Amino acid sequence: MDMETHREPTPGHIVKKIRRKIERQILPAGQELRQLLELCNHPQEKMREEAIIALLHPPDVDEFAHYRWLLPGILTAVACVERLPVAILELVFDLVGFLGEIPRAGPLQTATERVLSHLSKSSFAVLLQRPLAPGPFLPWIKPRTVMPRRASQQKNFKRRWRILRRNMPAGSVSPAIGEITWTDLKPLLQSRQGASDCGSTGRWRRIGRALLLPSGFSQVDASSTARAGTLHKRGERPPLPPLAEGIYYGGLGSHSLRCLDLLIRLQAKELAAVKGLATAVSQKTRRVVLSLHNASLAAAGGWAFEKLSRQFPSEDLWLQFKRGVQRRMESASGGRYSSDSTAIQLFDLWEERLVRPKVLHAMWESRLRAALDEAQQDSYERDLESSRVLLKSPDEAKLRQDKMLGWCGAVSPHQRIHLGRLMDWCAMRKRIWQKGLVRLTAMLAEGQELMTKQKLPYLVLPWIDKFFISSRRVDDIEYLPSLVSYLEQQGADPLVLFWEDTSHGHAPSLQLMLKRLATQGLPFRGIGVFDPSESKRDDALQHILNEHRQTRLFALRPLNDLHHPWSLEQLLQERNYPFFRPYDSAWKDGLAFIYVGTQVFPLLSIQCDVEQFPPWLAWSGRKYPFGLYFRERLRELSLDERDEAADPLCSAYDHWANLL
């Protein structure tokens, strides 16, 4: 009986006992917290998960209030920071990265400062995995934490580390490039084997210099200006080199860069296939093709086409087309582009779908920062005032209800939503929206007239936008049909190719949406995986030729219906070269960095999953957005396009249609 009475409690009993206390808002004793922290490192995965959930994710609580209450006790319960579970360290690092500073909340501030100033090398290795800006951490991290193990390398390291810290920009000179992060520093401060081996002169010369290079980006932000950035100065057009030839990117070695180069080459072939099919459809049907490329997964297909003027066989015909477009625009609008109520409703719907959720998300995060750090309350109130033009009364009520607060974690700096830039971008799109629609309908009508008269062999007008949000499935059923209906009401008669991609092998969201539209009698149909009847994607051209008179819109994938899902991270880690033959165009699923510096980037969905890939590369003594290189390299490979004098109509259309 005595043995039964004094039997040691099982790990499961310990977790349940302490969890009940936490759920009743009773602060566990230091010994109990230490027990629970030990169980976070238990050899059994299920027990580890139960202990971490009990500590960090109790049910029905405001997470940030919970962190303010319990986290100081957790961080001070262990004598050595190294004994903290990785999940706790990651939470501390993410909170600091999310706030952009040490949380100024009394005991939590003191506990966080203690953790950062006593990081061991193994704990610092966890930080190097997080794509967070170093600024808030650097004042607390001691040089010995990052110093190489070899005594012979330590003297040079101290000097180099001081130089790097002194010259590292606090922010970014270009929002499109983003801030330097700990994952950018990882190749410099840690060898591939994980040991601290950062004293090599060659490593500092190659990586350190790349980190500190100035921006070569010629604009402040590609999402909000009329001109696209370029990797070339005016009048210069040497071919861009492959990544593995003189370009620094993310500390990747030559084998990984060659793998990424191969993906870009295959992507260029994908673009050539998109252009080839769209052009063939226009030639064979004698109709203007409106080529809609849905962001983000199918957005790159919009870069497949040469400048609009180069689709015309002669300069005289191009000038005739421009005059006709101008005449039609003046006739349709009388010089005014703000009185079309249907066009205004279309923009409002676009804004409601794409912009308002981002504004609400940005405000939610601002509210979370204020909930964790009262010093950020004023910043939240300023954000709320500037965003009221897009928020509704119920939105404000939700923001003020702390019990509804939730947090998906810190993301990389380039993935964050910057409220001011978002509002400016939305205002810019609103200014040019109606005139752009009038221009588009005029181009469709004038182009069709020239084709009917046998003067123009084909005409394809590409347009990149968020026409359908696949994550909303059939709930996003209104915008695309409304847009097509508007064009028809304006007298346009285009053949619409709707390009979408998917990583799902069966019943993707677009198929469900098209099926719903078919029940409403709309002449839209899918081909291949988007067709419930499972038509073959390889027969797309014949399907379109057979049905284009009774079908307004055809939806299809860019290349084929191959389902071979591999993430880019998997491909680079395992160098799975068999993946490339056959090739699945959906490898871009979930990636944001490949669009940074282009007009596609602000069209992306809200980013909640951390992206480890940096948004910049270094070449020829400058830093550039990766997306800018990606776009220009693809166009060189698929079109061999060279610089030419900017035509006002081409520039205006490219900017409005998000092709830059």
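The structure under discussion appears in the preceding block.
Residues numbered from 1 in each chain as written. Predicted model: local features only at pLDDT ≥ 70, side-chain atom pairs only at ≥ 80, totals over all residues. Heavy atoms only, no water.

**Q** Residues and numbers for the overall build of the protein chain, please.
**A** Within the protein chain one finds 25 helices and seven strands. Computed over its C-alpha atoms, the radius of gyration of the protein chain comes to 28 Å, within 12% of the 26 Å expected for a compact globule of 660 residues. By its C-alpha atoms, the protein chain is 100 × 55 × 50 Å across when sized along the principal axes. Looking at the protein chain as a whole, 55% of its 660 residues are labelled buried. On the protein chain, the mean spot of the 91 positive side-chain charges and the mean spot of the 74 negative ones are 6 Å from each other. (Helix = DSSP H or I, 4+ residues; strand = E, 2+ residues; numbered from the N terminus. Rg over C-alpha atoms; globule rule 2.2 N^0.38 Å. Buried < 20%, exposed > 50% of the residue type's maximum accessible area, 1.4 Å probe, protein only. Lys, Arg positive; Asp, Glu negative; His and termini not counted. Charge placed at Lys NZ, Arg CZ, Asp CG, Glu CD.)

**Q** A description of helix 25 (residues 648-656) should follow, citing residues and the corresponding values.
**A** Turning to helix 25, its buried residues are Leu649, Cys650, Tyr653, Asp654, His655 and Trp656. Summarising the contacts, the buried residues of helix 25 are in contact with helix 14 (315-333), helix 19 (419-452) and strand 2 (460-465). Just past helix 25, the residue asparagine 658 takes up positive phi, approximately 60°. (Contact = heavy atoms within 4.5 Å.)

**Q** Outline the pairing of strand 2, supporting the account with residue identities and numerical values.
**A** With six of six residues buried, strand 2 lies mostly within the body of the structure. Neither face of strand 2 is exposed, since Val460, Pro462 and Ile464 on one face and Leu461, Trp463 and Asp465 on the opposite face are all buried. Here strand 1 (residues 289-294) runs beside strand 2; their pairing, made up of six bridges, is parallel. For serine 291, the partnering residue across the bridge sits in strand 2 and is proline 462. (Pairing = 2+ DSSP bridges.)

**Q** Kindly report on the pattern of salt bridges, identifying the contributing residues and their values.
**A** On inspection of all chains with the given rule, the structure shows 28 salt bridges. Residue arginine 525 pairs with glutamate 547 through a salt bridge whose shortest N-O separation is 2.6 Å. Here the residue arginine 525 occupies a position in strand 4 (residues 524-526), and glutamate 547 occupies one in helix 22 (residues 540-547), the gap between them amounting to 22 residues. Its relative accessible area of 15% is what places arginine 525 among the buried residues. For glutamate 547, a relative accessible area of 21% puts it in the partly exposed group. Bridged by salt links that share partners, the residues Arg327, Arg328, Glu446, Glu449 and Lys453 form one connected network. (Salt bridge = Lys/Arg side-chain N within 4 Å of Asp/Glu carboxyl O.)

**Q** Just give me the short version of a positive patch on the surface, but keep the residues and values in it.
**A** On the surface, a cluster of positive charge is contributed by Lys158, Arg159, Arg162 and Arg166. Secondary-structure assignment places arginine 166 in helix 10 (residues 151-167). Using a relative accessible area of 62% as the deciding quantity, one classes arginine 166 as exposed. (Patch = residues over 30% accessible without salt bridge, like charges linked within 9 Å, V, L, I, M, F, W, Y side chains within 5 Å. Areas by Shrake-Rupley, 256 points an atom, 1.4 Å probe, with all protein chains shown as cover.)

**Q** Any details on the nonpolar core? Residues and values, ideally.
**A** In this structure, Leu55, Trp182, Phe321, Leu461 and Trp463 are the most contacted members of the largest nonpolar core, which totals 203 residues. Element by element, the count of residues in this core is highest for helix 19, at 15 residues. When residues no more than four places from it in sequence are discounted, the contact partners of tryptophan 463 are Ser291, Leu292, His293, Trp433, Leu437, Leu440, Leu483, Tyr653, Trp656, Ala657, Asn658 and Leu659. (Core = buried A, V, L, I, M, F, W, Y, C linked by side-chain atoms within 4.5 Å.)

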